[in-house]
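# Structural overview
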Amino acid sequence: MIKEHEDQGRADFTASGAAQRAADLAAALGGAGWEAPISPCETRRDRRKRERRTRIVESAMRLFSERGFEAVTVEEIASAADIGKGTFFNYFPSKVHVLADYRESLYARIVPYANGLQRATTRELFRAWFRHAARVYEQEGPLFDLLWRQLLFNPEMRRDRVSQNETLMPIYRRFLDVGIAAGEVRGGDAPRVWVGEV
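Residues numbered from 1 in each chain as written. Predicted model: local features only at pLDDT ≥ 70, side-chain atom pairs only at ≥ 80, totals over all residues. Heavy atoms only, no water.

Turning to the packing of helix α6 (residues 95–116) against helix α7 (residues 122–140), a few remarks are in order. Viewed as axis vectors pointing N to C, α6 and α7 meet at an angle of 145°, and their least axial separation amounts to 10 Å. Crossing geometry of α6 relative to α7 is assigned as right-handed. Seen from α6, the contacting residues are Tyr-102, Leu-106, Arg-109, Ile-110, Tyr-113 and Ala-114; seen from α7, they are Ala-128, Trp-129, His-132, Ala-133, Arg-135, Val-136, Tyr-137, Gln-139 and Glu-140. (Axes fitted to C-alpha atoms, helices over the stretch in contact; angles between N-to-C directions. Helix = DSSP H or I, 4+ residues; strand = E, 2+ residues; numbered from the N terminus. Left-handed = near helix turned anticlockwise from the far one by under 90°. Contact = heavy atoms within 4.5 Å.)

Here it is in C-alpha cells:
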C-alpha cells in the first residue's frame, strides 16, 4: 500500500506538470524568495556568504520542483547557482541537507507562533498552532509538497529526526502540560511517551 502511494507520488511529481510546478514555485518564491537568516552585525563577507547560501537553496528548490529530487545532481545545483561544485560543499554536505535547511526555514516561521500561544486548553493550543502551520505550508505550495514527499520516502530525511524532535517536542510537551494542569489530559507517562514518539 505504501509502495503504491510512493510510486504514485513519484509519478505525479515527475509527470508532465513540470511547467505548472515551475510556475507555482516562482509564485511561491515571490520577489524575495527564501533567504538565509541575517545576523545583526553582518560584515560584507557574511552578507556575500548569506546571499550565496540563499542562491544555492533557491536554485536547488527550483530544480527539485521542475525535475524531481532524485533527478537533480549537485553539479546541476551548483551550475544553476553560478558557483563551483566545491563551493556547494562549503555550504551543504549533500542535496538532502539543502532540503533540511529549507525545513528549518519553515520551522522558523511556525515555532515562534507556537511559543507565543496562550490558550486555556491543550485542544485549543494544538488547534491554533496546526491551523497556523497549515496556512504557512499552503503558502509554500509545491515547495512544501516536495519536502513532505522526501520526509516520507527518502531514507536520509527519515533518519534525520534529531533536529525535528529537538524543535517540535518541547512545544508538544508544553501544550500537554497545560492540559495536565487543567485536568483535561490525564497525567503520568503516557502523554510524554506519546510526545516523544511523534
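Picking up after the structure, the text goes on.
Let us look at the confidence of the model for the protein. Confidence in the prediction for the protein averages 78 pLDDT; 73% of positions are at 70 or higher. Across the protein, the secondary-structure element scoring lowest on mean pLDDT is helix α1 (residues 2–14), at 42, and the one scoring highest is helix α4 (residues 74–80), at 97. Of the regions scoring below 50 in pLDDT, residues 1–33 engages in 38 contacts with residues more than four places distant in sequence or in other chains. (pLDDT = per-residue confidence, 0-100.)

If you check helix α3 (residues 44–67), its first and last C-alpha atoms are 34 Å apart, about what 24 residues at 1.5 Å a residue would give, namely 34 Å. Among the residues of α3, Arg-50, Thr-54, Ile-56, Val-57, Glu-58, Ser-59, Ala-60, Met-61, Leu-63, Phe-64 and Ser-65 are the ones counted as buried. One or two positions beyond α3, positive phi appears at Gly-68, with a value near 95°. (Expected span 1.5 Å × (residues − 1). Buried < 20%, exposed > 50% of the residue type's maximum accessible area, 1.4 Å probe, protein only.)

A few words on the side chain of Thr-122. Mapped onto the fold, Thr-122 is located in helix α7. Not counting residues up to four positions away in its chain, the partners in contact with Thr-122 are Phe-175, Leu-176, Val-178, Gly-179, Glu-184 and Val-185.

All right, on to the layout of surface pockets then. The calculated volume of the largest pocket comes to roughly 460 Å³. The wall of the largest pocket is formed by 24 residues, among which Tyr-107, Trp-148, Leu-151, Gln-164 and Leu-168 lie closest to the centre. Counting only elements with at least two residues in the lining of the largest pocket, the list comes to α6, α7, α8 (142–153), α9 (155–159) and α10 (162–182). Partitioned by chemical class, the residues of the lining of the largest pocket number 18 nonpolar, 2 polar and 4 charged. (1 Å grid on protein atoms, 1.4 Å probe; cavity = no way out; pocket = protein on both sides within 12 Å on 5 of 7 lines; lining within 4 Å. Points joined across faces, edges and corners; volume = space filled by probe spheres on them. Nonpolar A, V, L, I, M, F, W, Y, C, P; charged D, E, K, R; others polar.)

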